[in-house]
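Take a look at the letters that make up each chain.
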Amino acid sequence: MTPKERAAARENAVRAAMMLVRAIEVAQGVTRQSIADMRDVLIELAKRRDLFPLEDFPPPEATTERKNALYRLSEDADHRFALYAQLSMGGTNSPAHDHTTWAVIVGMEGKELNRLYDPADEGGVVEKDQFVVEAGTGLALMPDDLHSIHIDGSEPVLNFHMYGLALEQLEHRRYYKPETGEWKHFPASEGIRDLPIPA
Ligand SMILES: [Fe+2]
């Protein structure tokens, strides 16, 4: 397969997967079960590793401090059903945060530790579980669910991230800052890229 053929096959596979995801939402709404079903659609898509090789997802430029590159694979005209591929080339430790929309993370390459939290009575967070996202596994989060992401940086990590609404639209997310015991505003993401179009 040439890079151009691969890009076309990838678009078709993504389009088919997103049709299934939309159909699940139409039939079931947003419930723990429906987002688990959406996750399973992405686990199937992730099995097509021939369509998602690392070489098609360029790492962040050496001139930036960024260690992650987020590539948009699909997004509806009304910004719903946003699917991204995230490449992480270095260590990451995010604070605990929410998404204000449903979120699904599915692994393709490398390991990403997720810590899952409940809100604590004192106003902070209390860890309740851990889950490793890697090839063949995924995590589905409801809008108020809290998690943090931890990547050790020893190897590239490539994951799908899918959200009920595009990341640029999520203006009201929060993260918890344990140093000060405060919930802070998590700014909407920027710097999301489209995949380069192969010649
Ligand atoms: Fe998150």
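Provided above is the structure to which this section pertains.
## A look at the sheet that holds strand β7 (residues 138-141)
What links the strands of a sheet is backbone hydrogen bonding, and the strands pair in either a parallel or an antiparallel sense. Strand order across the open sheet formed by six strands is β7-β4-β9-β2-β1-β12, with mixed pairing between neighbours. For this open sheet the edge positions go to β7 and β12 (193-194), each flanked by a neighbour on one side alone. Summarising the sheet, strand β4 (residues 103-109) and β7 pair through four bridges and their orientation is antiparallel. Note on β7: the bridge partner recorded for V106 is G138. In this fold helix α1 (residues 3-28) packs onto β1 (68-74), β2 (80-88) and β9 (157-165), with an angle of close to 130° to the strand it touches most, β2. Relative to β4, helix α2 (residues 32-46) is tilted by about 20°, and along the sheet it contacts β2, β4, β7 and β9.

## Section: the environment of E190
Mapped onto the elements of the fold, E190 is located in the loop between β11 (182-186) and β12. Owing to a relative accessible area of 64%, E190 belongs among the exposed residues under this scheme.

## Things to note about the sheet that holds strand β5 (residues 112-119)
Ordered in space as β3-β8-β5-β6, the four strands form an open sheet in which the pairing is antiparallel. Strands with a single pairing partner mark the edges of an open sheet, and in this sheet they are β3 (92-93) and β6 (125-133). Across five bridges, β5 lies against strand β8 (residues 146-151) in antiparallel orientation. When the bridges of β8 are listed, R115 appears paired with S148.

## Examining the coordination of the iron ion
The protein atoms donating to the iron ion are H97 (NE2), H99 (NE2) and H147 (NE2), with metal-donor distances spanning 2.1 Å. Counting gaps between the donor residues of the iron ion yields the pattern H-x1-H-x47-H. With H97 in the loop between β3 and β4 and H147 in strand β8, this residue pair connects regions lying 50 residues apart in the sequence. A single burial state applies to H97 and to H147, both of which are buried.

## Some words on unusual backbone geometry
Even without a glycine there, the phi angle at H79 is positive, about 75°. By the secondary structure assignment, H79 is in the loop between β1 and β2. The phi dihedral of T100 falls on the positive side, at around 60°, and the residue is not glycine. Along the chain, T100 turns up in the loop between β3 and β4.

Rules behind the numbers
Residues numbered from 1 in each chain as written. Predicted model: local features only at pLDDT ≥ 70, side-chain atom pairs only at ≥ 80, totals over all residues. Heavy atoms only, no water. Pairing = 2+ DSSP bridges. Helix = DSSP H or I, 4+ residues; strand = E, 2+ residues; numbered from the N terminus. Contact = heavy atoms within 4.5 Å. Axes fitted to C-alpha atoms, helices over the stretch in contact; angles between N-to-C directions. Buried < 20%, exposed > 50% of the residue type's maximum accessible area, 1.4 Å probe, protein only. Donors = N, O, S within 2.8 Å, 3.2 Å for Na, K, Ca; no water.

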